[in-house]
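Overview (structure and organization)
Listed below, chain by chain, are the residues.
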Amino acid sequence: MAHFYCLDCAALTPDDYKAEVPVERWLSLCKTAGASGFGKGELTSISSPPAHVLIERFFGFPFYMLLNVLPFLLPLAWVCGVLKPLLLFYVGPLFVGFVACSLFLPRAKLGKTMKELQYAYTERNTQLYLSLKMLWPASLHFPKLAEQPLLFAVIPHGFAPLGITAYPLWSKLFSRRLTRWTTAPIVLKIPIVGAGLRAIGYLPAKAHAIEETLTTKDQSVGVVLDGIAGMFQNGPVEKAWVQKRKGIVKIALRTGAPLVPVYAFGHTRLWTVVADPFGLLERLSIALDVALVLGLGVWGWPLGPPQRVPVLLACGEPIVCPKTLEPSQELIDEYHAKLVAGYQQVFEQHKHAYGWGHKELKIV
């Protein structure tokens, strides 16, 4: 009897990776494991994607990251007198490379609807670049919770939570509903970036928007729960900044949506986070809710492509929440404790399969 399922994105062929393909086809490609989980190091494989995928991501990753910071970086560069070198030696070459990839490399045609756009070739290339795998327990296996919206709570954030961009997996594997992700409201106002994120379903990370999506729109929602606090991780101990994150539990109770804890193994290894040794930038970033940090990718490239380490999205046991329009603090605390325990359980259950038997998860 299968207790756990795992889908390797590399197992999906171009014909499989389409919105109209039934979920049963994807499920037929899953590996399964018994109650003890997958074997030591079993989920650490790194795939070998086609060269055009690696080339597109080589330019695509830093170009997207640059678009996020450009509205703030350009005025700063002008004030510091380095605007011209920045445009000539960084922004310009990246733009030319990205356009060349779009024009000359093989790619699937972009869809028009929100559901179709979640299958964008850029996000598919990210899955292959990261050797991305998704794992879940039998209690979440389709069609157990197929007829209700779900609330996914992912940790850790890392410099950028690339695992969540496997949008079709979240929308297809568990429920018959589109899954929409949240981001800081200011991100949705960034030129180009905001429009693109809204097109594939992103919401502002606000309680009313999440509740409306779960109820009125009857769609699933995903959040990266530790947010900016989860960006500052480089040490041997993984940290889960969830001790005070109780708002998501209140939303789950008010809407009655099952709450799914998800640990994204590998998120903290994709970029090297550059911060001061005293933790001043970390504390200031958390206080201002603005990321004052730099991530170094391959070859120490600022905002460059991430390291090619595998990412494993490990879903824990879904927490079924009784619908309570006005939950008491005691009820919120009770289900928050279940969420925290869910993170600890999913981490301990699967860390050996990811090759992290020596790692610990610290709840902060």
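Up top is the structure.
Here is what the cut-offs are and how they apply
- Residues numbered from 1 in each chain as written.
- Predicted model: local features only at pLDDT ≥ 70, side-chain atom pairs only at ≥ 80, totals over all residues.
- Heavy atoms only, no water.
- Helix = DSSP H or I, 4+ residues; strand = E, 2+ residues; numbered from the N terminus.
- Buried < 20%, exposed > 50% of the residue type's maximum accessible area, 1.4 Å probe, protein only.
- Contact = heavy atoms within 4.5 Å.
- Areas by Shrake-Rupley, 256 points an atom, 1.4 Å probe, with all protein chains shown as cover.
- Lys, Arg positive; Asp, Glu negative; His and termini not counted.
- Charge placed at Lys NZ, Arg CZ, Asp CG, Glu CD.
- 1 Å grid on protein atoms, 1.4 Å probe; cavity = no way out; pocket = protein on both sides within 12 Å on 5 of 7 lines; lining within 4 Å.
- Points joined across faces, edges and corners; volume = space filled by probe spheres on them.
- Nonpolar A, V, L, I, M, F, W, Y, C, P; charged D, E, K, R; others polar.
- Axes fitted to C-alpha atoms, helices over the stretch in contact; angles between N-to-C directions.
- Parallel < 35°, antiparallel > 145°, perpendicular 65-115°, else oblique.
- Phe/Tyr/Trp six-rings, centres within 6.5 Å; stacked < 30°, edge-to-face > 60°.
- Lys NZ or Arg CZ within 6 Å of the ring centre and 35° of its normal.

Examining the overall build of the chain
- Looking only at helices and strands, the chain features 11 helices and 13 strands.
- Here the C-alpha coordinates of the chain stretch approximately 60 × 45 × 45 Å along the principal axes.
- The buried share of the chain, taken over its 364 residues, is 55%.
- For the chain, contacts bridging at least 24 residues in sequence account for 80% of all contacts bridging at least 6.
- Carbon and sulfur atoms provide 63% of the accessible area of the chain, an area that totals close to 16400 Å².
- Distance between charge centroids for the chain: 5 Å, based on 35 positive and 25 negative side chains.

Quick word on the layout of surface pockets
- Here the second largest pocket defines a volume of roughly 690 Å³.
- Around the second largest pocket sit 29 residues that line it, and Tyr17, Ala108, Tyr119, Tyr121 and Arg124 are the ones nearest its centre.
- Contributing elements (two or more residues each) for the lining of the second largest pocket: α2 (51-80), α3 (83-104) and α5 (121-129).
- Of the residues forming the lining of the second largest pocket, the biggest block, four residues, is contributed by α5.
- In terms of residue class, the lining of the second largest pocket is built from 16 nonpolar, five polar and eight charged.

Details of the packing of α2 against α5
- Running from amino to carboxyl end, α2 crosses α5 at an angle of 110°, the nearest separation of the two axes being 10 Å. Viewed along their axes, α2 and α5 adopt a mutual orientation that is roughly perpendicular. Residues Val53, Leu54, Glu56, Arg57 and Phe61 of α2 form the contact with α5, whose own contacting residues are Tyr121, Thr122, Asn125, Thr126, Leu128 and Tyr129.
- Looking at side-chain class alone, the contact of α2 with α5 contains six nonpolar, three polar and two charged residues.

Quick notes on the side chain of His336
- With respect to the helices and strands, His336 occurs in helix α11 (residues 329-350).
- What makes His336 buried here is its relative accessible area of 4%.
- Sequence-distant contacts of His336, defined by excluding residues within four places in its chain, comprise Val242, Gln243, Arg245, Lys246 and Val249.

Considerations on unusual backbone geometry
- Following Phe142, the chain continues to Pro143 via a peptide bond in cis, the omega torsion being 10°.
- In this model, Ile192 sits at a positive phi of 70°, which is unusual for a non-glycine residue.
- Checked against the element boundaries, Ile192 lands in the loop between β5 (179-183) and α7 (193-199).
- For Ile192, a relative accessible area of 61% corresponds to the exposed category.
- Unlike most non-glycine residues, Trp299 shows phi in positive territory, near 60°.

A closer look at the packing of aromatic side chains
- Applying the stated criterion across every chain, the model contains 22 aromatic pairs.
- Ring centres of Phe152 and Trp170 lie 5.0 Å apart, and the angle between their planes is 65°; on these two criteria the pair is classed as edge-to-face. Here Phe152 is found in strand β4 (residues 151-155), whereas its partner Trp170 is found in helix α6 (residues 167-172), with 18 residues between them in sequence. The pair Phe152 / Trp170 is uniform in exposure class, with both members buried.
- Feature note: the residues Tyr5, Trp136, Phe152, Trp170, Phe174 and Trp181 constitute an aromatic cluster, connected by ring pairs.
- Sitting above the plane of the Trp356 ring, Lys359 keeps its charged end 4.6 Å from the centroid.

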